[in-house]
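# Structural overview for review
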Amino acid sequence: MKQSLFFVPTLKDAPKDAEVKSHKLMSRAGLIKQVAAGIYTYLPLGYKVIQNIERIIREELEKIDASELLMPALQPSDLWKESGRWDKYGPELMRLTDRKNRDFCLGPTHEEIITQVVRDYVTSYKKLPLALYQIQTKFRDEMRPRFGLMRGREFIMKDAYTFSATNEGLDEWYKLFSKAYIDIFKRCGLDTKIVNSDVGQIGGDEADEFMVMSEVGEDNITYCDMCEYAANQEHSGLNEGDPCPICGAEVKVARGIEVGNIFKLGTKYSESMNAKFIDSNGKPQPMIMGCYGLGISRTLMASVEQHSTENGILWPKEISPFQVHIVPVNLKDEAQKDLAYEIYYDLKQKGIEVLLDDRAERAGVKFKDADLIGIPYRVVVGKDSGEGLVEFSDRFKETKQLIKKTEILDHI
Ligand code: ATP
Ligand code: MG
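Conventions we followed
- Residues numbered from 1 in each chain as written.
- Chains lettered and ligands numbered in written order.
- Predicted model: local features only at pLDDT ≥ 70, side-chain atom pairs only at ≥ 80, totals over all residues.
- Heavy atoms only, no water.
- Buried < 20%, exposed > 50% of the residue type's maximum accessible area, 1.4 Å probe, protein only.
- Helix = DSSP H or I, 4+ residues; strand = E, 2+ residues; numbered from the N terminus.
- Contact = heavy atoms within 4.5 Å.
- Pairing = 2+ DSSP bridges.
- Axes fitted to C-alpha atoms, helices over the stretch in contact; angles between N-to-C directions.
- Donors = N, O, S within 2.8 Å, 3.2 Å for Na, K, Ca; no water.
- Lys, Arg positive; Asp, Glu negative; His and termini not counted.
- Salt bridge = Lys/Arg side-chain N within 4 Å of Asp/Glu carboxyl O.
- Polar contact = N/O pair within 3.5 Å; in protein donor to acceptor, adjacent residues only side chain to side chain.

## Focus on helix α9 (residues 296–306)
Counting buried residues along α9, 10 of its 11 residues qualify, which places the element largely inside the surrounding structure. Every buried residue belonging to α9 is among Ile296, Ser297, Arg298, Thr299, Leu300, Met301, Ala302, Ser303, Val304 and Glu305, and all of these are buried.

## Some points on helix α11 (residues 363–373)
Residues spaced three or four apart along an α-helix face the same direction, because each turn holds 3.6 residues. Here α11 has its buried residues at Ala363, Lys366, Asp369, Ala370, Leu372 and Ile373. Residues of α11 that are buried in the fold lie against α1 (21–28), α2 (44–63), β18 (312–313), β19 (324–328) and β21 (377–381). A positive backbone phi angle near 80° is found at Gly374, which sits one or two residues after α11.

## Examining the sheet that holds strand β5 (residues 94–97)
Read across the open sheet, the three strands follow the order β4-β6-β5; overall the sheet is antiparallel. The outermost strands of the open sheet, each flanked by one partner alone, are β4 (74–76) and β5. Taken over all neighbouring pairs, the strand axes of this sheet differ in orientation by 35° on average, direction set aside. The pairing of β5 with strand β6 (residues 103–106) spans four bridges and is classified as antiparallel. Bridge assignment links Thr97 to a residue of β6, and that residue is Asp103.

## What to know about the coordination of the magnesium ion (ligand 2)
On the protein side, the magnesium ion (ligand 2) has Glu258 (OE) and Asn261 (OD1) as donor atoms, found 2.2 to 2.3 Å from it. In terms of burial, Glu258 and Asn261 fall into one category: buried.

## Section: the side chain of Lys158
Turning to its location among the elements, Lys158 is positioned in strand β8 (residues 154–164). The buried charged residue Lys158 lacks any salt bridge, with Asp159 as its nearest oppositely charged partner at 7.0 Å. Among the polar contacts listed, one links the side chain of Lys158 to the backbone oxygen of Tyr292, at a separation of 3.0 Å. When residues no more than four places from it in sequence are discounted, the contact partners of Lys158 are Ile57, Leu61, Tyr133, Gln134, Ile135, Phe177, Tyr181, Tyr292, Gly293, Leu294 and Ile296.

## Examining the sheet that holds strand β23 (residues 399–404)
Adjacent strands of a sheet pair through backbone hydrogen bonds, lying either parallel or antiparallel. Read from one edge of the open sheet, five strands run β20-β19-β21-β22-β23, paired in mixed fashion. Only two strands of the sheet have a single neighbouring strand rather than two, namely β20 (354–356) and β23. Strand-to-strand twist in this sheet, taken as the mean axis angle between neighbours without regard to direction, amounts to 20°. Note that strand β22 (residues 389–394) and β23 share six bridges and pair antiparallel. Its bridge partner being in β23, Phe392 is matched across the sheet by Gln401. Packed onto the sheet, α11 meets β19 and β21 and runs at close to 170° relative to β19.

## Some thoughts on the environment of Tyr174
Within the fold, Tyr174 resides in helix α6 (residues 167–187). Taking the C-alpha atoms as reference points, Tyr174 and Arg378, 204 residues apart in sequence, are found 41 Å from one another. For Tyr174, the residues in contact, after removing those within four places along its chain, are Glu206, Ala207, Asp208, Ile262, Phe263, Lys264 and Tyr292.

Now the structure itself:
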């Protein structure tokens, strides 16, 4: 992509209401633009990262044989009345009426819709187990939308639902999804802690959250350094220094960003919405469900928070919007211009995602923007162009070296 044509509106200053580093950087680097409180446009650079995260999710869920579908955002109240949540959900639910005065909501989550899908098709144990997921926009009228994409009123989530004939079947899915989540977050550059959590509005018997430990997190996590114990403070009620319920050592408390949450729903929705199957003895039984949420836009935000300084982002390789950034120092110099374009077309042809800064800007401006945008490999085409030499930086390893144009690929 040529930067002169790519829409990356970088800013000198972050919006005044941006409190945390990631929000400031995402605004300054031209990744997102606010439309209203908790509502954002994903600009091309930000949307590329979102698509990379989505690709990783699809790859990992393919491995555990979950099938992707797409449910509607607009949901009729009837189904929510069946589950009992129309009255219980409260002001976070975005409600609206159609021209015939029928009630609808904009889905904050999709248990009702998925249960309706499955109950109408799956009637026998022979069709179970089953795992379905979607990537979709969710709506929640949050009391305090803040920190950019961290707590939006409209946000992108991957939500998955499993249906099993037995509790053991549910346990198996639960383990598969836990493992898939750890892998997904790792590929997005995030180390996560699994913590025991409350079931909240979703309900069910048991739940775990995936937390990225960070000062800007909104949850307090109690955890133990001596053993595996970790829980949301909301759920555990423990304070710093209390004895660990597993090993007795003193627990610690730190902040975390919740990027995922998985639930053993059990039969909560299948009972209330009558999703039954005939078991191997010919008896009708409610399906045993699990649900698995992963905040895609929040994962993007968390990744920027973890992989940045005040001056710019440094993308984890798998989600970076581009792999290589070519920055010619002076495009008026024919040798530099020719070499920059030669490398650009060569890398593109080899399937590398590359951004060429072909703008008529001063070198200082280009370097500042490159630091802000944060592409992990940079090729500076400057005064040694005549000899076919470029300055190659691996921003992860913090190395910079003069190399031959033909050696670039070996360094990526
Ligand atoms: P929170 O406690 O942060 O309000 P939640 O527990 O209500 O979140 P879930 O219903 O578990 O959220 O949703 C699954 C995932 O969706 C969360 O783990 C989070 O990553 C993401 N998510 C939830 N609410 C928001 C939001 N308002 N903005 C962005 N992402 C969100
Ligand atoms: Mg949650």
